[in-house]
Every structure is written in structure tokens, then in C-alpha cells.
Amino acid sequence: MCANLTKQTNFDAIIIGAGACGLMCAVQAGFLGKRTLILEKNDRAGAKILISGGGRCNYTNLYAGPQQFLSANPHFCRSALSQWTVDDTINFFETYGITGHEKTLGQLFPTTNKAKDIVEVFTNLCYDLEQPIWLNTTVISVEKVNHGFNVIYERKGKQSMIHTPKLVVASGGLPVQKLGASDLGLKVARNLGLKVVKPMPALVPLTITGKDQGWYERLSGNSIFCRVSNDRISFEENILFTHWGLSGPAILQISSYWKAGEVFSMDMLPGQDINELIAAERISEPRKTLLNLLASLYTRKFAEALGVMLPVQKNIASLTKSDMELIAEVIHDFKVKPAGDKGYDKAEVMRGGVDTDELSSKTLEAKSIPGLYFGGECVDVTGWLGGYNFQWAWACGFVIAQQI
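Keep in mind that this is a model prediction, so the values were computed, not measured.

Procedures and definitions
- Residues numbered from 1 in each chain as written.
- Predicted model: local features only at pLDDT ≥ 70, side-chain atom pairs only at ≥ 80, totals over all residues.
- Heavy atoms only, no water.
- Buried < 20%, exposed > 50% of the residue type's maximum accessible area, 1.4 Å probe, protein only.
- Helix = DSSP H or I, 4+ residues; strand = E, 2+ residues; numbered from the N terminus.
- Pairing = 2+ DSSP bridges.
- Axes fitted to C-alpha atoms, helices over the stretch in contact; angles between N-to-C directions.
- Parallel < 35°, antiparallel > 145°, perpendicular 65-115°, else oblique.
- Left-handed = near helix turned anticlockwise from the far one by under 90°.
- Contact = heavy atoms within 4.5 Å.
- Nonpolar A, V, L, I, M, F, W, Y, C, P; charged D, E, K, R; others polar.
- Phe/Tyr/Trp six-rings, centres within 6.5 Å; stacked < 30°, edge-to-face > 60°.

1. Considerations on the pairing of strand 7 (residues 107-110)
On a regular strand, each side chain points to the face opposite its neighbour's, so the side chains alternate between the two faces of the sheet. Burial along strand 7 is two-sided: Gln107 and Phe109 and Leu108 and Pro110, pointing in opposite directions, are all buried. Relative to strand 7, strand 4 (residues 60-61) is paired through 2 bridges, and the arrangement is antiparallel. The residue of strand 7 that forms the bridge with Asn61 is Gln107. When strand 6 (residues 100-102) meets strand 7, the two strands line up antiparallel, connected through 3 bridges. Across the sheet, the residue bridging to Glu102 is Leu108, located in strand 7. Hairpin connection from strand 6 to strand 7: 4 residues lie between these consecutive antiparallel strands, with Leu105 at a positive phi of about 50°.

Given below as C-alpha cells:
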């Protein structure tokens with residue numbers, strides 16, 4: 001039993017987590033004249049927002065829609081994303097002085113390129129709307145009781161309990177433990193009898209071990225534009241070779257669709273046909289070596305590394321039919337079998353989470369536990385890289401605020 005029992009009757013809801021979902025929920029609730037209290041483990045609000053996009057915060061994506069989200073139920077996110085759209089996000093931030101600029105593929109960043117400006121919008125509004133944020137407050141457990149929930153927490157070295165009629169779990173996922181990431185949301189769900197889809201790292205670099213490791217290490221720092229594909233999806237963006245394997249946007253994207261033991265394919269010259277390029281060189285420069293042709297398409301270092309697999313010292317004119325078939329296979333269908341991934345500390349987000357079968361898609365309320373809501377990363381909805389997960393978090397915060 002807690003040393004102190006704090007009865008708070010003037011809060012309509014308690015929100016666990018001052019991340020994107022929790023902050024939006026508090027602000028939107030404030031607009032509706034409701035009072036919330038945010039409990040945040042960190043010493044500052046929006047810790048993951050502040051480091052996102054290299055400190056610049058890719059706060060939405062112009063093309064965000066249900067098709068860019070993974071879930072055991074791919075239709076679950078439709079309702080929330082339709083209730084709070086990309087235009088709503090853009091208009092919201094513009095109202096408070098944040099205009100966006102598109103970088104690539106619909107990714108929207110503040111024109112100031114400062115993530116702290118995004119966080120300040122929320123912290124200023126929470127202050128103005130009298131929505132307190134208790135920092136350095138660790139939630140230990142949640143109990144379902146009559147007329148609501150008891151939240152046991154530790155603050156300023158003391159353990160206490162607070163009662164709330166409604167509870168919003170917006171505590172994020174497992175990635176980036178140095179920022180206080182934990183499985184609290186999943187524990188709350190399990191302890192209250194809700195199902196959880198197995199969590200795994202997503203948008204995460206992939207590792208290569210064994211006989212091929214040295215080849216990847218040799219190319220560490222090299223980046224090329226690729227189409228990365230498996231039998232479910234493909235992405236065209238840069239990949240980055242590292243001393244432990246592969247990273248870069250295309251790899252992070254495909255990692256969310258990758259399972260241990262699977263092989264995926266890289267087309268390292270998307271939109272072009274290496275055989276057509278070679279045929280053209282046979283006419284114009286037949287004495288050019290394959291190495292020099294490849295060096296005109298990639299870095300010299302990468303072209304030389306391909307010499308492990310290809311006859312790069314041969315003149316273009318000397319290439320045989322079997323050579324051409326091998327070249328096309330390596331360039332357009334390069335097979336990769338990762339050993340694993342870099343884990344939660346290097347992952348952008350978590351896939352899996354509270355099973356969507358347990359929640360109403362319209363309200364995000366637990367079907368079996370009235371007054372309990374889950375939003376953001378701790379739910380089994382995971383977006384692509386590029387602002388999609390923020391759009392989901394903003395939408396969740398808005399939807400839940402309408403209910404509390």
C-alpha cells in the first residue's frame with residue numbers, strides 16, 4: 001500500500017506520458033474545457049520529439065494514409081487518421097507559428113528546423129490551458145477500481161497514489177531507453193487482461209555476420225540509391241553500408257516488414273537497365289572496363305568491391321552472355337540475408353503493442369474497460385519512416401481528448 005493516497009477530483013483524466021500523443025491529448029482536452037494531468041518519467045516533456053529527425057522533427061507527412069501503417073488489423077488506423085488529418089496537423093502548428101517545408105517524399109519539417117519549437121507549442125499551451133505536467137514522475141502500476149483507476153507513482157522520492165475516473169496510456173514504446181523508454185503501456189495492458197501483439201524493433205538498422213561481414217565492413221560509409229524489396233513491399237531510397245551491416249532510409253523501411261531468417265532483394269540501379277548501359281558502351285567505348293563503367297554509376301570504392309562478384313577487369317567488348325546475366329543479377333537482384341537488427345536502442349519505433357482487437361477504432365477506448373484509452377506507439381499501429389508515426393500520435397491524442 002502506498003504511503004500517501006492523493007485524491008484528485010478536479011482532473012477529468014490522467015495521461016501517462018508527455019510525448020506526442022499525450023501532449024496533443026492534454027491540449028485538445030484543454031480546448032474542450034477539460035482538465036488533465038500528465039505524468040512524465042523524464043525531466044522534460046517531448047524527449048523523443050526533441051531528438052527526432054536529428055533534432056529537426058519531421059512532424060508529419062503530406063501523403064500519410066492508412067496504407068503507410070503496419071498492424072495486425074491494417075484498417076484499424078483509418079478512423080483516427082480521418083478524424084485528425086494531415087491538414088489538421090499543418091493548420092494546428094501554423095496557428096501557433098510553425099510553418100513547414102517539405103524535404104523529400106512528403107516529409108514535413110518546421111522551417112526553423114528546430115524540434116524544440118514543436119515541443120514549446122505544447123508546453124506553452126499546457127501552461128495556458130492549466131494542464132499540469134508532472135516531470136520526474138515514474139508510474140509504477142495501475143489498478144482498476146470502482147469509478148476509475150488508481151495510479152501508483154513515485155515523485156520526489158515518495159510513492160503515492162492518485163485516483164482518476166479516466167486514464168490515457170500514451171507512454172510510447174521500447175526504443176531509446178536512455179530517454180526513459182519502457183514497456184509500461186504493455187504492462188498496464190497485460191495486467192488489466194488485455195492482449196498484446198509481440199513487440200519488436202521497427203525502422204531499425206540490420207546486421208550482417210558470417211562470411212559476408214567483411215565485404216560490408218569494407219564499404220562502411222558508402223551510400224547508394226536502391227529499390228529494396230521483399231514479397232510484400234518495396235521502397236526506393238538510399239541505403240547506407242556500415243561496419244555492422246546496412247542502414248539508411250530504405251533499410252529502415254524494409255526492416256519493419258522483415259522477419260528473422262528472411263532474404264530481401266536490392267535493385268542497385270532502379271529505373272535503369274545495366275545490360276542496356278553495357279550495350280551502349282559496346283558501341284561508344286568497347287575498350288572501357290566494366291570497373292570504369294561501374295565507377296561512373298557508383299563510388300569507385302563500391303565499384304571495386306563489386307569485383308568480388310563480377311569480372312570488373314574485363315573490357316565491355318569481352319563480356320560474355322553468362323557475364324551479362326551475372327552482372328544483371330548482382331546489380332538488379334542483390335540478395336541480402338541479415339543476421340538480425342540493432343535492437344531497440346537504434347530503432348526509431350516499436351512494432352506490435354496493445355492488440356487493436358481490444359480497442360475501439362473510433363475512440364481508442366478499451367472495449368472491456370470503460371474509461372481506459374491507449375494511443376500512440378504502444379498500440380499495434382506502426383508507421384513508415386518520414387513523419388507517419390507523428391501523424392498517428394497527433395491523431396490518437398485528438399481522438400482520445402474528445403472522449404475524456
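2. A word on the sheet that holds strand 19 (residues 334-336)
What the 7 strands build is an open sheet, ordered 19-18-15-16-17-14-20; its pairing is antiparallel. Looking at strand neighbours, the two that pair on one side only are strand 19 and strand 20 (340-341), the edges of this open sheet. Bridging between strand 15 (residues 223-229) and strand 18 (residues 264-267) involves 3 bridges; their strand directions are antiparallel. Its bridge partner lying in strand 18, Ser229 is registered against Ser265.

3. Some details on the packing of helix 9 (residues 274-284) against helix 10 (residues 290-297)
It is the contact of helix 9 with helix 10, at a shortest axis distance of 12 Å, that shows an interaxial angle of 120°. Taken together, the axis directions place helix 9 and helix 10 in an arrangement best described as oblique. The hand of the helix 9/helix 10 crossing is right-handed. Here Ile274, Leu277, Ile278 and Glu281 of helix 9 come into contact with helix 10, specifically with Leu290, Leu293, Leu294 and Leu297. Taken together, the residues of the contact of helix 9 with helix 10 sort by class into 7 nonpolar, no polar and 1 charged.

4. Describing the packing of aromatic side chains
Summed over all chains, the structure comprises 22 aromatic pairs. Each ring, one from Trp84 and one from Phe398, has its centre 5.0 Å from the other, and the planes form 35°; the classification is tilted. One end of the pair, Trp84, is in the loop between helix 3 (78-83) and helix 4 (86-95); the other, Phe398, is in helix 13 (residues 388-401), and 314 residues separate them in sequence. You can call Phe398 buried: its relative accessible area is 17%. In textbook terms, an aromatic cluster arises when at least three aromatic residues are bridged by ring pairs, as seen for Tyr59, Trp84, Phe92, Phe93, Tyr96, Phe122, Phe390, Trp394 and Phe398.

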